[in-house]
Amino acid sequence: MTEPLLRLSGITKSFGKVTVADDLSLSVQAGEALGIVGPNGAGKSSLFGMISGDLRPDRGKVWFAGREITGAPPHARTRAGIGRTYQVPRPFSHLTVFENVLVCGHQGAGLAGRQAWAHAMDVLDRTGLAALANTPAGRLTLLQRKRLELARALGTAPRLLLLDEVAGGLTEPEVHELVEVVSRLHAEGLGVVWIEHVVHALVSTVGRMICLAGGDVVADGEPMRVLADPKVRELYLGAGPETSAAEEGP
Ligand SMILES: Nc1ncnc2c1ncn2[C@@H]1O[C@H](COP(=O)(O)OP(=O)(O)OP(=O)(O)O)[C@@H](O)[C@H]1O
Ligand SMILES: [Mg+2]
């Protein structure tokens, strides 16, 4: 098997008495699309923090593209090719949509001049934001803010895209549009790790799914099989509104 694009090994992280990762190990291959489900507070966003460098694990190691990045700062990881969105969108509200993406290309991908402009416009086209290029980010609707969050992550020209609940709060047609955008990016070779409570969006997009609970991976495999797993149903789906995807299981 080839070296995975991302590898976490023996990751442990606690906030006081709350353990969000307990000797967790996980690999993602280049170009793979992985979905992550799990109960609220399971540590899903914290896991992204340890991949993107916002959080430091107490123990364990993280590798990306063959290099250990456990202690690397977030900007170095962005440059290495890890792009992420935040569960709560974090645009520069006073900058326009175009400027927000342009900044990410400058800072995250090291682009300059005409190349940076062309890249930002391409990202806006792909994410359906081109018509809003000159709108200040602070004036966007929820869907538009979610798209901008995705566009800002893409602006950094990632090899691996980490999506944290980008479908939450959207209408069904909006979720469908988002699934199309992410699926197209994945089809072009981008690695995607997508945390989502809108389970059917994941099922439409990813080839593999994990369920996180109690600080570890409790199920890992083909999405419909993971959703049909009794442990997953008990820990997550049993209590949630999104049981229909598992009901339709094989
Ligand atoms: N910086 C922090 N300091 C203290 N506690 C934190 C911090 N970040 C997260 N936590 C706690 O760690 C636990 C896991 O949080 P996390 O945000 O990773 O969960 P999650 O799986 O993303 O949940 P959700 O599905 O609700 O987004 C929660 O109990 C949360 O309150
Ligand atoms: Mg979260």
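Throughout this document, residue positions are counted from 1 along each chain, in the order its sequence is written. Here chains are named by letter from A upward and ligands by number from 1 upward, in the order in which they appear as written. For a predicted model such as this one, the threshold for reporting local features is a pLDDT of at least 70, and the threshold for listing and counting side-chain atom pairs is 80 or more; totals across whole chains, interfaces and linings nevertheless cover every residue. Each side-chain value is derived from all of the structure's non-hydrogen atoms; neither hydrogens nor water enter the calculation.

1. Observations concerning the sheet that holds strand β4 (residues 59–64)
Then comes step 1: When DSSP finds two or more bridges between a pair of strands, those strands are recorded as paired. Here a strand is any run of E in DSSP of at least two residues, a helix any run of H or I of at least four, and the numbering for each starts at the N terminus. The strand order across the open sheet formed by four strands is β2-β1-β4-β5, and the pairing between neighbours is antiparallel. Both edges of this open sheet fall to β2 (18–28) and β5 (67–68), since each of them pairs with a single strand only.
Then comes step 2: By the bridge criterion, five bridges tie strand β1 (residues 6–15) to β4 in an arrangement that is antiparallel. Looking at the pairing, L8 lines up with V62 of β4.

2. Some details on the environment of R126
Then comes step 1: Here R126 lies in helix α4 (residues 113–126).
Then comes step 2: To sort residues, take the accessible area from a 1.4 Å probe on protein chains only and compare it with the maximum for the residue type: under 20% means buried, over 50% means exposed, and anything in between is partly exposed. When its relative accessible area of 26% is taken as the criterion, R126 is described as partly exposed.
Then comes step 3: In the structure, R126 is positioned 97 residues away from P223 in sequence and 26 Å away in space, judged by C-alpha atoms.
Then comes step 4: The contact definition used throughout considers only heavy atoms, calling two residues in contact when any of these lie within 4.5 Å. Setting aside chain neighbours within four positions, we find R126 in contact with V181, R184, L185 and E188.

3. Observations regarding the domain arrangement of the protein chain
Then comes step 1: Where each domain starts and ends follows an automatic or database-derived domain assignment. According to the domain assignment, the protein chain contains domain 1 (6–81 + 158–247) and domain 2 (91–157).
Then comes step 2: On the side of domain 2, 15 residues touch domain 1, which itself brings 19 residues to the contact.
Then comes step 3: Each partner contributes to the roughly 1400 Å² buried at the junction of domain 1 and domain 2, and carbon and sulfur atoms together form 61% of this total.
Then comes step 4: Salt bridges are defined by distance alone: a side-chain nitrogen of Lys or Arg within 4 Å of a carboxyl oxygen of Asp or Glu. At the junction of domain 1 with domain 2, the criterion picks out two salt bridges.
Then comes step 5: Of the charged contacts in the structure, one is a salt bridge between R147 and E177, with a shortest N-O distance of 2.4 Å.
Then comes step 6: Two N or O atoms form a polar contact when they lie within 3.5 Å of each other; inside protein one atom must be a possible hydrogen donor and the other a possible acceptor, and for residues adjacent in sequence the pair counts only when both atoms belong to side chains. Where domain 1 packs against domain 2, one counts five residue pairs in polar contact (both at pLDDT 80 or more).
Then comes step 7: Contributions of two or more residues to the side of domain 1 that touches domain 2 are made by α2 (74–80), β7 (160–164) and α6 (172–187).
Then comes step 8: Here the residues of the side of domain 1 that touches domain 2 sort into nine nonpolar, three polar and seven charged. Defined in terms of a 1.4 Å probe, buried area is the accessible area two parts forfeit on being brought together, summed over both. Residues are grouped as follows: Ala, Val, Leu, Ile, Met, Phe, Trp, Tyr, Cys and Pro are nonpolar; Asp, Glu, Lys and Arg are charged; all remaining types, including Gly, are polar.

4. Here we look at the sheet that holds strand β10 (residues 216–221)
Hydrogen bonds between backbone groups are what pair the strands of a sheet, and the pairing can be parallel or antiparallel.
Then comes step 1: The six strands are arranged β6-β7-β8-β3-β9-β10 in an open sheet whose pairing can be described as mixed. Edge positions in the sheet fall to β6 (82–84) and β10, since each of these pairs with one other strand and no more. Between one strand and the next, the sheet's axes are offset by a mean angle of 20°, whatever the strand orientation.
Then comes step 2: Note on definitions: angles span 0 to 180 degrees between N-to-C directions of axes, and those axes are lines fitted to C-alpha atoms, for helices only across the stretch in contact. Taken strand by strand, helix α1 (residues 44–52) contacts β3 (33–37), β6, β7, β8 (191–195) and β9 (208–213), and its axis lies near 145° from that of β6.

5. Here's the deal with the coordination of the magnesium ion (ligand 2)
Between any two of four tetrahedral donors, the ideal angle at the metal is 109.5 degrees; between two of six octahedral donors, it is 90 or 180 degrees.
Then comes step 1: In the first shell of the magnesium ion (ligand 2), the protein supplies S45 (OG) and Q87 (OE1), at 2.1 to 2.2 Å from the metal. Of the two residues, S45 sits in helix α1 while Q87 sits in the loop between β6 and α3 (97–109), which places them 42 residues apart along the sequence. For Na, K and Ca the donor cutoff is 3.2 Å, while for all other metals N, O and S atoms count as donors only within 2.8 Å; water does not appear among the atoms, so some sites may look incomplete.

6. Let's talk about the site of ligand 1
Then comes step 1: For this purpose, a residue is taken to be near a molecule or strand whenever a single non-hydrogen atom of the residue falls within 4 Å of it. Near ligand 1 lie 14 residues; those nearest to it are G41, K44, S45, S46 and Q87.
Then comes step 2: Between an oxygen atom of ligand 1 and a main-chain N or O atom of G41, the distance comes to 2.8 Å.
Then comes step 3: In the environment of ligand 1, an oxygen atom lies 3.1 Å from a nitrogen or oxygen atom belonging to the backbone of A42.
Then comes step 4: Per-residue and other accessible areas were derived by the Shrake-Rupley procedure at a 1.4 Å probe size, with only the shown protein chains allowed to occlude residues. Protein contacts shield 61% of the accessible area of ligand 1, which totals 640 Å² for the unbound molecule.
Then comes step 5: Breaking the shell around ligand 1 down by element, the ones donating at least two residues are β2 and α1.
Then comes step 6: In terms of residue count, α1 provides more of the shell around ligand 1 than any other element does, three residues in total.
Then comes step 7: Here the shell around ligand 1 is composed, by residue class, of five nonpolar, seven polar and two charged.

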